[in-house]
Amino acid sequence: MKKIFSILFLSVGLTAFSQQVESLETILNDKISIRALELYDNKVWYSGTDSKFGFVDLKDYKNQKQIKLSEDKLQFRTLAQNKTSFYAINIESPGRFFSIDKKTLESQVVFKDTAKTAFYDALHFINDKIAYTFSDADKDQMLKLAIYKEGTWSMFKNNIKLNEGEAAFAASNTNISSSKKYLWIATGGKASRILRMNLKDEKFEIFNTPVVQGESSQGIYSIDFFEDRFGIAAGGDYTKQDANVNNIATTYDGGESWQIQASGQNAGYTTCVKIKPGSKGKEVIAVGDKHISYSSDFGKTWKKISDEKAFFVCQWIDDNHVVLAGNSRIAVMKLKF
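Anyway, here's the lowdown on the structure attached to this text. Here the structure is a predicted model, which means the values were calculated and not measured. (Residues numbered from 1 in each chain as written. Predicted model: local features only at pLDDT ≥ 70, side-chain atom pairs only at ≥ 80, totals over all residues. Heavy atoms only, no water.)

### Topic: the sheet that holds strand E11 (residues 144-149)
Think of a sheet as strands paired side by side through backbone hydrogen bonds, with each pair either parallel or antiparallel. Sheet architecture is open: four strands sit in the order E9-E10-E11-E12, paired in antiparallel fashion. Strands with a single pairing partner mark the edges of an open sheet, and in this sheet they are strand E9 (120-125) and strand E12 (152-156). Each strand axis lies, on average, 20° off the axis of its neighbour in the sheet, ignoring direction. Two strands pair when backbone bridges link them, and strand E10 (residues 131-135) and E11 are joined in this way by five bridges, in the antiparallel orientation. Paired with Ser-135 across the strands is Lys-144, a residue of E11. (Pairing = 2+ DSSP bridges. Helix = DSSP H or I, 4+ residues; strand = E, 2+ residues; numbered from the N terminus. Axes fitted to C-alpha atoms, helices over the stretch in contact; angles between N-to-C directions.)

### Let's talk about the packing of aromatic side chains
For the structure shown, the criterion picks out 26 aromatic pairs. With centroids separated by 6.5 Å and ring planes inclined at 50°, the aromatic side chains of Tyr-252 and Phe-298 adopt a geometry described as tilted. With Tyr-252 in the loop between strand E21 (248-251) and strand E22 (259-260) and Phe-298 in the loop between strand E25 (291-295) and strand E26 (303-306), the pair connects residues that are 46 residues apart, well separated along the chain. Judged by its relative accessible area of 25%, Phe-298 is partly exposed. Measuring from centroid to centroid gives 6.0 Å for Tyr-294 and Phe-337, while their planes differ by 65°, and the two rings are edge-to-face. Taken together, the positions of Tyr-294 in strand E25 and Phe-337 in the segment after strand E28 (321-336) put the pair 43 residues apart, joining distant regions of the chain. Pairwise contacts between aromatic rings join Tyr-87, Phe-97, Phe-111, Tyr-120, Phe-125, Tyr-148 and Trp-153 into one cluster. Positioned above the aromatic ring of Tyr-40, the side-chain terminus of Lys-102 is 3.8 Å from the ring centre. (Phe/Tyr/Trp six-rings, centres within 6.5 Å; stacked < 30°, edge-to-face > 60°. Buried < 20%, exposed > 50% of the residue type's maximum accessible area, 1.4 Å probe, protein only. Lys NZ or Arg CZ within 6 Å of the ring centre and 35° of its normal.)

### Describing the sheet that holds strand E5 (residues 80-81)
Spatial strand order, E5-E6-E7-E8: four strands in an open sheet with antiparallel pairing. Looking at the sheet topology across the chains shown, the edges are occupied by E5 and strand E8 (107-113). Relative to E8, strand E7 (residues 95-101) is paired through six bridges, and the arrangement is antiparallel. If you follow Ser-99 over to E8, its bridge partner there is Gln-108.

### A closer look at the nonpolar core
Counting residues in hydrophobic clusters, the biggest one holds 28 residues, and the most contacted among them are Ile-285 and Ile-330. Those elements giving two or more residues to this core turn out to be strand E1 (20-40), strand E2 (43-48), strand E24 (284-288), E25, strand E27 (311-318) and E28. Considering every element that reaches this core, the biggest residue donor is E28, with nine residues. Excluding its chain neighbours within four sequence positions, the residues that come into contact with Ile-285 are Cys-272, Val-273, Lys-274, Ile-292, Ser-293, Tyr-294, Cys-314, Trp-316, Val-322, Met-333 and Leu-335. (Core = buried A, V, L, I, M, F, W, Y, C linked by side-chain atoms within 4.5 Å. Contact = heavy atoms within 4.5 Å.)

### Considering the side chain of Ser-179
Within the element layout of this structure, Ser-179 appears in the loop between strand E14 (176-178) and strand E15 (182-186). At 3.2 Å, the side chain of Ser-179 forms a polar contact with the backbone nitrogen of Lys-181. Apart from residues lying up to four places away in sequence, Ser-179 is in contact with Trp-184, Leu-199, Glu-227 and Asp-228. (Polar contact = N/O pair within 3.5 Å; in protein donor to acceptor, adjacent residues only side chain to side chain.)

### Some remarks on empty space enclosed by the protein
Enumeration over the complete set of coordinates arrives at one cavity of 30 Å³ or more. Taken as a whole, the largest cavity spans an internal volume of roughly 50 Å³. Ala-234, Ile-248, Asn-266, Ala-267, Gly-268, Thr-270, Val-273, Ala-286, His-291, Ser-293 and Trp-302 together form the lining of the largest cavity. Of the residues belonging to the lining of the largest cavity, the class tally is six nonpolar, five polar and no charged. (1 Å grid on protein atoms, 1.4 Å probe; cavity = no way out; pocket = protein on both sides within 12 Å on 5 of 7 lines; lining within 4 Å. Points joined across faces, edges and corners; volume = space filled by probe spheres on them. Nonpolar A, V, L, I, M, F, W, Y, C, P; charged D, E, K, R; others polar.)

### Focus: the pairing of strand E6 (residues 85-89)
With respect to burial, E6 is a largely interior element, five of its five residues being buried. The alternating pattern of E6 places Ser-85, Tyr-87 and Ile-89 on one face and Phe-86 and Ala-88 on the opposite face, and all of these are buried. By the bridge criterion, two bridges tie E5 to E6 in an arrangement that is antiparallel. Within E6, the residue paired with Gln-81 across the bridge is Phe-86. Once E5 ends, the chain turns through three residues before running back antiparallel as E6. Across five bridges, E6 lies against E7 in antiparallel orientation.

### Here we look at unusual backbone geometry
Cis geometry is found at the peptide bond from Ser-93 to Pro-94, where omega equals -5°. The topology assignment puts Pro-94 in the loop between E6 and E7. The phi torsion at Glu-92 lies on the positive side, around 75°, for a residue other than glycine. Under the relative-accessibility criterion, Glu-92 is labelled partly exposed at 44%. Non-glycine residue Glu-227 carries a positive phi angle of around 55°. If you trace the backbone, Glu-227 turns up in the loop between strand E19 (218-226) and strand E20 (230-237).

Below, the structure is given as structure tokens:
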């Protein structure tokens, strides 16, 4: 009987962690740092340093195009889309909001934030008509949001005051997430909290998290949610990338309460987490500067599936393909289950 249970337990364990990297192919090499990706028209679209914006065709990797959104050497860490256009905002002041037509790839600046503290961390479309983006706060420490509504951008008025030293990380354009009911924003630094807005009445609630925080380099770097209830947050400390204590947490009540997962038992600092479509939150991929990791049990346990370095952002293409980007390249990884 003991042998039967041992074999059964081993079999379950192998099934739970059967994910393997079958292949990882670089599809773009360039002198660029990429922290934002979008998928559209069977292509992976990116924005990055040196004002670069472009695509690689996922059906024919040789079919590529790259343009510069500005003659200035701007750094882009945001990218989002609706039916007709892509939108990208540069970090550092002035924050220029670029619109790029999907058909012609012609771009224009449609909004500008001239505040000296302008530094836009993430940009996210709720649907084709509404988007939100947030910046580091001004001196008054009020939450700084801009909204796209009725075809135009404007500042979004709110009364949320951040704590001293509380900001956010422009690490992978993934510290904003949404469902049909909520918009979530993750902060980091000396405080790492979840700001949840009800999309119906645009009212905010703020929830503390147990994720490592207290230093400017610590906190949540990325979040992802399945519908209104389950969510995952990951991060750590970019100055101590091997540190893996209290850097992953999950919620089952829409962000109101968080439980630390795999503390001391994961690959460390993480810049991007993405829930596998169709898995209802059960399967999650994560990347950091030093690892690609996978969870098949709602983030409770993790397996490092690759030691590939310098990836900052990832996105699911389909059930077993993931596109990754970071320092100097974009790659497609095929997973074997």
